Amino acid sequence: MELKQLQSFIAVVECQSFTKAAQRLFLSQPSVSAHIRRLEEELHSRLLIRTTKNVEITPRGWELYECACEMIKRWDNLLQRWDNETRRVIRLGASTIPSAYILPELLPAYGKEHPDIYFSIYQSNSQDITDRLLQGDFDVGFIGMDSSSEYLACVPFYQDRMVMITPVRGDYLELKKQSSPLQELLRSPMILREKQSGSQKSADRFLESLGIRQEELKVVARINDQEAVKNLVAQGLGVSILSERAARNFVDEKRVLLFELPEQTARRSLYLIYPKNYILNPYLQKFMEYVMRFYQG
């Protein structure tokens, strides 16, 4: 079995045509047909049924398709990683808070000391970053929640805390004068992040510590964008529990009010994650050591 045979098979399945698959791969149609025929001979299985109108995929053909896609993806990731090693590119995956508030201060500082290092950055929620790191899409990730995967090392590098923000309004200004306004605040309309967000999981842990379930809250919106959450709070839609680091600019600009949460339940870490079984390149190792020194002295 050769890689080019799997590529031809994938193309035929996705194009539903030998002719279109050949055009996509810049091959002749007889070459694609030969690749499929050799695959079927080697596997002793009928993979495709060619009719006058279309191409039908057999059950074993679909099994091979799923396997072949994964094999090609892993091969492409391997080539990309080796190419990045030559060009000294670090592939980063970062969740919302690290990508918006950590990397903008970290990477320029690192770049001044290491001008030969470049970064490729992908931003998503913490769960997606974890999943894609396991698939080999990144070298290292920055996320807002601990990972339970046995295949990943998960190291805390930054201490954050959760706070509650509210609109700048008379009733909330009155609550600022109270010593314990939390129960009253939690009766307000609530804006939450998406469930896969590290910030939301931290907020959930805080609520659980108070014995409060999400079903008891007046949730008016669930949004996957941190900036949109802050803007909606500022416009008066509701209140939200989010990272102090993320809230700080709106608080300083007096666009929202900040209420501190109990210290023992509001603290949370941001994490640096990387595959345990991956032999780190020296420049990647140096970068991670720099991150730890940058935020922990």
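Note: the structure precedes this text.
These remarks concern the structure in this document.

Reading the values: rules and limits
Residues numbered from 1 in each chain as written. Predicted model: local features only at pLDDT ≥ 70, side-chain atom pairs only at ≥ 80, totals over all residues. Heavy atoms only, no water. Helix = DSSP H or I, 4+ residues; strand = E, 2+ residues; numbered from the N terminus. Buried < 20%, exposed > 50% of the residue type's maximum accessible area, 1.4 Å probe, protein only. Contact = heavy atoms within 4.5 Å. Areas by Shrake-Rupley, 256 points an atom, 1.4 Å probe, with all protein chains shown as cover. Axes fitted to C-alpha atoms, helices over the stretch in contact; angles between N-to-C directions. Parallel < 35°, antiparallel > 145°, perpendicular 65-115°, else oblique. Nonpolar A, V, L, I, M, F, W, Y, C, P; charged D, E, K, R; others polar. 1 Å grid on protein atoms, 1.4 Å probe; cavity = no way out; pocket = protein on both sides within 12 Å on 5 of 7 lines; lining within 4 Å. Points joined across faces, edges and corners; volume = space filled by probe spheres on them. Expected span 1.5 Å × (residues − 1). Pairing = 2+ DSSP bridges. Right-handed = clockwise from strand over helix to strand, strands pointing away. Phe/Tyr/Trp six-rings, centres within 6.5 Å; stacked < 30°, edge-to-face > 60°. Lys NZ or Arg CZ within 6 Å of the ring centre and 35° of its normal.

**Thoughts on the overall build of the protein chain**
A count of helices and strands for the protein chain gives 13 helices and eleven strands. Dimensions of the protein chain, computed from C-alpha atoms along their principal axes, come out at roughly 80 × 45 × 30 Å. Per-residue burial for the protein chain yields a buried fraction of 49% across its 297 residues. Taking the intrachain contacts of the protein chain between residues at least 6 apart in sequence as the baseline, contacts between residues at least 24 apart amount to 73%. For the protein chain, the computed accessible surface area is about 15500 Å², with 50% contributed by carbon and sulfur atoms.

**Structural notes on the packing of helix α1 (residues 3–15) against helix α3 (residues 29–43)**
For the pair α1 and α3, interaxial distance at closest approach is 9 Å and the crossing angle is 110°. What the angle tells us is that α1 and α3 run roughly perpendicular. Contacts from Lys 4, Gln 5, Leu 6, Ser 8, Phe 9 and Val 12 of α1 reach α3 at Val 32, His 35, Ile 36, Arg 38, Leu 39 and Glu 42. Class assignment of the residues belonging to the contact of α1 with α3 gives a composition of six nonpolar, three polar and three charged.

**As for empty space enclosed by the protein**
Counted according to the given criterion, the structure contains one cavity of 30 Å³ or more. The space that makes up the largest cavity amounts to roughly 50 Å³. Breaking the lining of the largest cavity down by element, the ones donating at least two residues are α5 (96–113) and α9 (198–209). Among the elements that take part in the lining of the largest cavity, α5 stands out by supplying three residues, more than any other. Per-class residue counts for the lining of the largest cavity are two nonpolar, eight polar and two charged.

**Quick word on α3**
In a regular helix each residue adds 1.5 Å, so 15 residues correspond to 21 Å; α3 covers 21 Å between its end C-alpha atoms and thus fits that length. Looking at α3, one finds that the buried residues are Val 32, Ser 33, Ala 34, His 35, Ile 36, Leu 39 and Glu 40. At the exit of α3 stands His 44, carrying a positive phi of roughly 55°.

**Concerning the pairing of strand β11 (residues 267–275)**
Within β11, seven of the nine residues are buried, which leaves it mostly tucked inside the rest of the structure. Both strand β5 (residues 140–143) and β11 contribute to a ladder of three bridges, which runs antiparallel. From the neighbouring strand, Ile 143 faces β11, where its bridge partner is Tyr 271. Where strand β6 (residues 152–167) meets β11, nine bridges bridge the pair, whose relative direction is antiparallel. Bridge pairing links Leu 152 to Pro 275 in β11.

**Some thoughts on the pairing of strand β7 (residues 189–193)**
Each regular strand carries side chains that alternate between the two faces of the sheet. Where burial is concerned, most of β7 is hidden: four out of the five residues are buried. Direction of pairing for β7 relative to strand β8 (residues 218–223): parallel, over a ladder of five bridges. Within the sheet, the bridge partner assigned to Arg 193 lies in β8 and is Ile 223. You can see the chain leave β7, run along α9 and come back into β8, and the turn it takes is right-handed.

**A short note on the packing of aromatic side chains**
Per the counting criterion, the structure on display carries 13 aromatic pairs. Summarising the aromatic geometry, the rings of Phe 142 and Phe 287 are spaced 6.3 Å apart at their centres and angled 75° between planes, so their arrangement reads as edge-to-face. In this pair, Phe 142 sits in strand β5 while Phe 287 sits in helix α13 (residues 282–296), placing the two residues 145 residues apart along the sequence. Ring centres of Phe 294 and Tyr 295 lie 4.9 Å apart, and the angle between their planes is 75°; this geometry places the pair in the edge-to-face category. Since its relative accessible area comes to 33%, Phe 294 is described here as partly exposed. Of the residues examined, Tyr 295 reaches a relative accessible area of 18% and is grouped as buried. The rings of Tyr 110, Phe 119, Phe 142, Phe 157, Tyr 158, Phe 287, Tyr 290, Phe 294 and Tyr 295 are connected pair by pair, giving a single aromatic cluster. Above the face of the Phe 259 ring, Lys 176 is positioned so that its terminal group lies 4.9 Å from the ring centre. Cation over ring: Arg 255 sits above Phe 250, and NZ or CZ is 3.8 Å from the ring centre.

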